[in-house]
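Architecture and fold: a report
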Amino acid sequence: MSQTITIDPVTRLEGHGKITIQLNGQGEVEDAHFHVTQVRGFEKFSEGRPFYEMPALMARICGICPVSHLIASAKACEAIMSVRIPHTAAQLRRMLNLAQMVQSHSLSFFYLSSPDLLLGMESDPKTRHIFGVVGARPELGRAGIGLRRFGQHIIELLGNKRIHPGWVIPGGVTEPLAQAKRDEILAMMPEAYSNIKLALDWYKQIAETFRPEIEVFANFPSLYMGLINEDESVEFTDGALRLIDAQGSIVEDGINATRFSEVIGEAVEPYSYTKFAYYKPLGYPEGSYRVGPLARLNIVKTMGTPLADVELAAFKQLANGPVQSSFYYHHARLVDMLYGIEKIEQILSDPLILDKHVRATAGVNRLEGAGQAEAPRGTLHHHYKVDENGLITWANLVIATGQNNNAMNKGVLQAARHYVKNGKFTEGILNRVEAVVRTFDPCLSCSTHAYGQMPLALTLLSPDGEVVDRLTRS
Amino acid sequence: MTTVAVDVKTLVIDGQNVSARAGQTILEVARENSIDIPTLCHLDGLSDVGACRLCVVEIKGNNKLLPACVATVEEGMEVTTTTERLTKHRRTILELLFAERNHICSVCVSNGHCELQSLAQSQGLTHVRLPYRNPQLAVDASHERFTIDHNRCILCTRCVRVCAEIEGAHVWDVMGRGIDSMIISDLHEEWGKSSCTRCGKCVQVCPTGALFDKSKIGSDHPKYPDFLPYLNLMREAQ
């Protein structure tokens, strides 16, 4: 008798998702899917709105990474305005984006994934959360909370608000950086460095104990894409996209926002509201690729900051060519954070950082524009069309989770096949299947409304839909 | 030496004995005596139309609620500006305004300095009991400098009045009746093609984010409607 195992909702994710695992008559895994079960409609209801409202409107997609949407959207608007923003504004935005990356990565690593890594995949779900981590290793919990505060506080200092700051606007930012604020950020640096060092040291100690998970957590060759600078260093806000293959050879380089839609297509599957992005010349699903921390580290030659470069060199030793296992997203995430902290410090030492010219103004000078940036979880692309008056007539957003969608689905299937045998599974096994998705840190276009741990219900259905068994975690 | 006889009225507002000149409105007298009455369509420097009804007050011996912005003082009047009944009415008016069109504060250009939003807060409006109408209204961005978003318009007609009374252009007016009422420029032409003088007074007096400067958002766009009394004063002085 075939069965379907449903994990709904998947816990410790940003947003609401569901996993289904189909078993055949022999109890072997036939197929598995990761479903995103909501539709948000942002692209549709932004139609008719003035284009310069888009950054604020689009930031509302997510309370975790509103800054990425602000920046990608503002850049798309600047393409419509045909302006180049002042140097200081570009630097300030870069810092804001990095601060958000640090806080979002700490959320993903410490709050959502470290319970699995510290307490174990099979540990009691009642304590498998951030408070369990704080109880077991207080200094680790403190480091995570400290890094999140670091990022959030910089966002608040720059944009006056931790969530949905209105500071980033088409043309730049609304106000320059005050010296007192710069000094306050600089004062936070030593603690941030010590926290990330603690996290990296701890992760490296425990990583090898997860060898079985490393082998089956979405561990397969694929293409990788991310923003990169001309000097082949990592980039989150400007630069252009590079796409490499599983061997590390460059497939496409210098993909700017205008060219993005020529190269990247989006497929639709009936089981998910999230689209599946793919590299057009290879078609779907062969052209599927991964984005995010793992992809970023795979495509770059250097981080561009001294401490992160040492860590990048160590990371590159994990594989001959691109690192393939998605388990290493955790590792890459920590390197990203170290880079972010170093880069913020570098940006603050820019002699022009307190300059008052932070905004370019213009009207509608082009009827179409696109912008891209690296969100913490991967490349984010916004593409708008406007009428003569600047009202949006069409919008398309390609988000990181859509670009990782195929890899997440393949990863869920890979892990389910490995762990679910003879139709038997435990809570710990299903937690591993969820943990595969967690490595990608997908943002299911949710906001911060999910508070605490959501209940997890597993249902075993017979082919005629009858409930065979039910397991509930509350 | 000539003396001007002033017709003085004495009355009571919220238990406070106050004196006023004949012809003054209850609102004027109340504000002169630091008694707060919430208003929305009223703006110092413009004529009053008593449209929003937020300033309604109770008068002893009168069953009707009177709008303080247009009701004039009378000798011996006993006015109460805050009662449970009045608060209930004011909240209901605000709920009706919020339900009528699309007021999404979080992404509105006036978030944080919107008179409708501030009133909702000061009147303790925690939720809207009425179903939202969610009308599909257009945004007119044809003007070179300004935009009108009818979704956020509460039909207070401040723009109509400031344009006609102060600027003297009378570009804005109201079209239709009841729920179908709309602010229009000239004879319902695009604002960018209208006879607008581009003075921007309507933008400054708009209590919500319905009228705003192009390319401005949120904290970027405070409004300064207090120029009107000065403008009137200077013109009268000439």
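Sequence positions are assigned chain by chain, starting from 1 and proceeding in written order. Chains carry letters and ligands carry numbers; both start at the beginning, A for chains and 1 for ligands, and go up in the order they are written. Given that the model is predicted, a residue must reach a pLDDT of at least 70 before its local features are reported, and side-chain atom pairs must reach 80 or more before they are shown or counted; all residues, however, enter totals for whole chains, interfaces and linings.

Some remarks on the overall build of chain B
Heads up, the condition is: Helical segments are the DSSP runs of H or I of at least four residues, strand segments are the runs of E of at least two, and each set is numbered from the N terminus. For this measure, only C-alpha atoms enter the radius of gyration; the expected value for a globule follows 2.2 Å times N^0.38, where N is the number of residues. Comment: burial labels come from other C-beta atoms within 10 Å of the residue's own C-beta, placed from the backbone, where a count of 20 or more is buried, 12 or fewer is exposed, and between is partly exposed. We call two residues in contact when their backbone-placed C-beta atoms lie within 7 Å.
Of regular secondary structure, chain B possesses 6 helices and 10 strands. Relative to the 2.2 N^0.38 estimate, which gives 18 Å for 238 residues, the radius of gyration of chain B is 19 Å and therefore close to what a compact globule would have. Based on the C-alpha atoms only, the size of chain B along its principal axes is roughly 55 × 50 × 35 Å. Buried residues in chain B amount to 37% of all 238 residues. Within chain B, residue pairs in contact and separated by at least 24 positions form 63% of the contacts whose partners lie at least 6 positions apart.

Describing the overall build of chain A
Helix and strand counts for chain A come out as 15 helices and 16 strands. For chain A, the proportion of its 474 residues judged to be buried stands at 53%. Contacts in chain A between residues far apart in sequence, at least 24 positions, make up 71% of those at least 6 positions apart.

A word on helix α2 (residues 84-100) of chain B
All names here are of chain B. In plain terms, the rule: Here, expected helix span is obtained from the residue count minus one, scaled by 1.5 Å. What the arc measures is the spread of directions leading from the helix axis to the C-beta atoms.
Taking 1.5 Å per residue, 17 residues should reach 24 Å; α2 reaches 24 Å between its end C-alpha atoms and fits that length. Among the residues making up α2, those that are buried are Arg90, Leu94, Leu97 and Phe98. With its buried residues spanning 95° around the axis, α2 presents them on a single face. Residues of α2 that are exposed and point more than 90 degrees away from the buried face comprise Glu84, Arg85 and Lys88. For α2, the secondary structure elements touched by its buried residues are α3 (115-122).

Some details on the sheet that holds strand β10 (residues 211-213) of chain B
All names here are of chain B. Which entries qualify depends on this criterion: Paired strands, in this sense, are two strands between which DSSP finds at least two bridges.
Spatial ordering of the open sheet is given by β6-β7-β10, a layout of 3 strands whose pairing is antiparallel. Since the sheet does not close on itself, it has two edges, and those belong to β6 (139-140) and β10, each with one partner. Pairing analysis gives 3 bridges linking strand β7 (residues 146-149) to β10, with the strands arranged antiparallel. Along β10, the bridge assignment pairs Phe146 with Asp213.

Looking at the nonpolar core
This is how it is decided: By convention in this section, buried Ala, Val, Leu, Ile, Met, Phe, Trp, Tyr and Cys residues joined through C-beta atoms within 7 Å make up a nonpolar core.
One finds A:Val412, A:Ala416 and B:Cys159 to be the most contacted residues of the largest nonpolar core, which totals 197 residues. In terms of residue count, helix α4 (residues 87-119) of chain A provides more of this core than any other element does, 11 residues in total. Residue contacts for B:Cys159: discarding those within four places in its chain leaves B:Trp172, B:Ile183, B:Cys202, B:Val205, B:Cys206 and B:Leu211.

Focus: the sheet that holds strand β3 (residues 56-59) of chain B
Two orientations exist for strands paired in a sheet by backbone hydrogen bonds: parallel and antiparallel. Residues and elements named next belong to chain B. Our working definition: For helices, the fitted line uses only the C-alpha atoms of the stretch in contact; every axis is such a line through C-alpha atoms, and the angle between N-to-C directions lies from 0 to 180 degrees.
In space, the 5 strands of this open sheet follow the order β2-β1-β5-β3-β4, with mixed pairing throughout. Pairing within the sheet leaves two strands with one partner each, and these edge strands are β2 (16-21) and β4 (62-67). Averaged over all pairs of adjacent strands, the angle between strand axes in this sheet comes to 35°, irrespective of strand direction. Where strand β1 (residues 8-13) meets strand β5 (residues 78-80), 2 bridges bridge the pair, whose relative direction is parallel. Note that in β5 the partner of Val12 across the bridge is Glu78.

Here's the deal with helix α3 (residues 66-81) of chain A
Residue and element names in this part refer to chain A. Its 16 residues place the ends of α3 22 Å apart at the C-alpha level, agreeing with the 22 Å of an ideal helix rising 1.5 Å per residue. Within α3, 16 of the 16 residues are buried, leaving the element largely enclosed by the surrounding structure. Looking at the residues trailing α3, positive phi occurs at Ser82, about 60°.

So, the packing of helix α11 (residues 306-316) of chain A against helix α12 (residues 329-348) of chain A
Residue and element names in this part refer to chain A. Keep this limit in mind: Oblique is the label for every angle not falling under 35 degrees (roughly parallel), over 145 degrees (roughly antiparallel), or within 65 to 115 degrees (roughly perpendicular). Two helices cross in a left-handed way if the nearer one is turned anticlockwise from the farther one by less than a right angle. They cross in a right-handed way if the turn is clockwise.
One way to put it is that α11 packs onto α12 with a least axis distance of 8 Å and a crossing angle of 165°. Classed by the angle they form, the pair α11 and α12 counts as roughly antiparallel. When the axes of α11 and α12 are compared, the crossing they make is left-handed. Facing α11, whose interface residues are Leu307, Ala308, Glu311, Leu312 and Phe315, α12 presents His331, Ala332, Val335, Leu338, Tyr339 and Glu342.

Brief notes about the packing of helix α14 (residues 405-419) of chain A against helix α15 (residues 427-440) of chain A
All names here are of chain A. Applicable threshold: Gly is put with the polar residues, along with every residue not named as nonpolar or charged; the nonpolar set is Ala, Val, Leu, Ile, Met, Phe, Trp, Tyr, Cys and Pro, and the charged set is Asp, Glu, Lys and Arg.
Packing of α14 against α15 brings their axes to within 9 Å, and their N-to-C directions diverge by 155°. In terms of their interaxial angle, α14 and α15 are classed as roughly antiparallel. Both α14 and α15 take part in a crossing whose hand is right-handed. Residue-level contacts link Met408, Gly411, Val412, Ala415, Ala416 and Tyr419 of α14 to Ile429, Arg432, Val433, Val436, Val437 and Phe440 of α15. Here the residues of the contact of α14 with α15 sort into 10 nonpolar, 1 polar and 1 charged.

Quick word on the confidence of the model for chain B
Heads up, the rule is: Values of pLDDT, which run from 0 to 100, indicate the predictor's confidence residue by residue.
Considering every residue of chain B, the mean pLDDT works out to 93; 97% of them sit at 70 or more. Note on the complex model: pTM 0.89, ipTM 0.86.

What about the pairing of strand β7 (residues 240-244) of chain A?
Residues and elements named next belong to chain A. In terms of burial, β7 is largely enclosed, as 4 of its 5 residues are buried. Note that strand β6 (residues 223-228) and β7 share 5 bridges and pair antiparallel. Along β7, the bridge assignment pairs Met225 with Leu243. Bridge count between β7 and strand β8 (residues 250-255): 3 bridges; the pairing is antiparallel.

A short note on the environment of A:Leu70
Residues and elements named next belong to chain A. For Leu70, the position within the fold is in helix α3. The class for Leu70 is buried, based on 28 C-beta atoms found within 10 Å. On a C-alpha basis, the gap between Leu70 and Gly166 in space is 8.5 Å, while along the polypeptide they are 96 residues apart. When neighbours within four sequence positions are excluded, Leu70 is seen to be in contact with Pro55, Ala59 and Val168.

Observations concerning unusual backbone geometry
With an omega dihedral of 5°, the bond running from A:Tyr284 to A:Pro285 counts as a cis peptide bond. On the secondary structure map, A:Pro285 appears in the loop between β10 (276-279) and β11 (289-290). Although it is not a glycine, B:Arg53 adopts a positive phi angle of roughly 70°.

Re the environment of A:Pro86
All names here are of chain A. Residue placement: Pro86 occurs in the loop between α3 and α4. Separated by 28 residues in the primary sequence, Pro86 and Met58 place their C-alpha atoms 23 Å from one another. If we skip the residues at most four places from it in the chain, Pro86 touches Gly172, His357, Val358, Arg359 and Ala360.

Focus: the confidence of the model for chain A
Residue and element names in this part refer to chain A. Scored by pLDDT, chain A has a mean of 90; 93% of the residues are at 70 or more. Mean pLDDT across the elements of chain A ranges from a minimum in strand β15 (residues 456-461), with 52, to a maximum in α12, with 98. In this model, residues 445-457 is a region of pLDDT below 50 whose contacts with residues beyond four sequence positions or in other chains number 26 contacts.

Section: the environment of A:Ile19
Residue and element names in this part refer to chain A. Tracing the backbone shows Ile19 in strand β2 (residues 17-23). Exposure remark for Ile19: the 24 C-beta atoms within 10 Å place this residue in the buried category. What Ile19 contacts, discounting residues up to four positions off in sequence, is Ile7, Val10, Ala32, Phe34, Val412, Val433 and Glu434.

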